[in-house]
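# Structural overview
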Amino acid sequence: WSALGGPRTYGEILPSSVARLVQELGLSEQDVFYDLGSGAGKVVLQVHLETTVRRAGGIELEESRHRAAQRLHHELQRLGVATTAPTREVQFILGDATD
């Protein structure tokens, strides 16, 4: 926890719950998905990998969590898992979603 900014209102959703959300939403290549309070970016990256959305993004207030999301995304790109196609974007923003 301390590496991700401590327990300050931090919680995670299970991958199976994200999969169900994705199924219920019926996301397509015309959609954009944003996770507000995206933490380490797991939900954003799961949506990117399991759907055809044109953009999957996250906004995170805590800098250490934001950096963790960026590292995870870069590692998935390096492994060839996350796409680098210009029509499919992953974006992580460090900031306050209420601004």
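Our subject is the structure listed above.
Just so it is clear, the model here is predicted, and its values are computed rather than measured.

### Remarks on the overall build of the chain
In terms of regular secondary structure, the chain is built from 3 helices and 3 strands. In sequence order, the chain lays out its α and β elements as α-β-α-β-α-β. Here the contacts in the chain between residues at least 6 apart in sequence split such that 69% fall between residues at least 24 apart. When the accessible surface of the chain is summed, it comes to about 6200 Å², and 52% of that surface belongs to carbon and sulfur atoms.

### A look at helix H2 (residues 42–50)
Three or more residues of H2 are buried, namely Val43, Val44, Leu45, Gln46, Val47 and His48. In this fold, the buried residues of H2 make contact with helix H1 (15–25), strand E1 (32–36), strand E2 (55–60), helix H3 (63–78) and strand E3 (89–94).

### Here's the deal with the nonpolar core
Most often, soluble globular proteins keep nonpolar side chains buried together rather than apart. Residues Val47 and Phe92 are the most contacted members of the largest nonpolar core, which totals 15 residues. Within the residue set of this core, elements represented by two or more residues are H1, H2, H3 and E3. If one sorts the elements of this core by residue count, H2 sits on top with 4 residues. Among residues more than four places away in sequence, those in contact with Val47 are Val18, Val22, Leu27, Phe33, Val53 and Ala56.

### Looking at the environment of Ile13
Assignment of secondary structure puts Ile13 in the segment before H1. Between the C-alpha atoms of Ile13 and Val43, which are 30 residues apart in sequence, the distance is 7.8 Å. Once residues within four sequence positions are removed from consideration, Ile13 is found in contact with Val18 and Val43.

### A few points about the side chain of Glu60
With respect to the secondary-structure elements, Glu60 resides in strand E2. You can call Glu60 buried: its relative accessible area is 6%. Among the polar contacts listed, one links the side chain of Glu60 to the backbone nitrogen of Gly39, at a separation of 2.6 Å. Beyond its immediate chain neighbours, meaning those up to four positions away, Glu60 contacts Gly37, Ser38, Gly39, Arg65, His66, Ile93, Leu94 and Gly95.

### Here we look at the sheet that holds E3
If you walk across this open sheet you meet the 3 strands as E1-E2-E3, and the pairing is parallel. Each edge of the open sheet carries a strand with a single partner, namely E1 and E3. Taking each pair of neighbouring strands and ignoring which way they run, the sheet shows an average axis angle of 15°. Bridge analysis of E1 against E2 gives 5 bridges, and the strand direction is parallel. Within E2, the residue paired with Phe33 across the bridge is Ala56.

### What about the pairing of E1?
Along E1, the buried face is formed by Phe33 and Asp35; none of Val32, Tyr34 and Leu36, which line the opposite face, is buried. In this fold, E1 hands off to H2, which returns the chain to E2; that crossover is right-handed.

The rules behind each value
Residues numbered from 1 in each chain as written. Predicted model: local features only at pLDDT ≥ 70, side-chain atom pairs only at ≥ 80, totals over all residues. Heavy atoms only, no water. Helix = DSSP H or I, 4+ residues; strand = E, 2+ residues; numbered from the N terminus. Contact = heavy atoms within 4.5 Å. Areas by Shrake-Rupley, 256 points an atom, 1.4 Å probe, with all protein chains shown as cover. Buried < 20%, exposed > 50% of the residue type's maximum accessible area, 1.4 Å probe, protein only. Core = buried A, V, L, I, M, F, W, Y, C linked by side-chain atoms within 4.5 Å. Polar contact = N/O pair within 3.5 Å; in protein donor to acceptor, adjacent residues only side chain to side chain. Pairing = 2+ DSSP bridges. Axes fitted to C-alpha atoms, helices over the stretch in contact; angles between N-to-C directions. Right-handed = clockwise from strand over helix to strand, strands pointing away.

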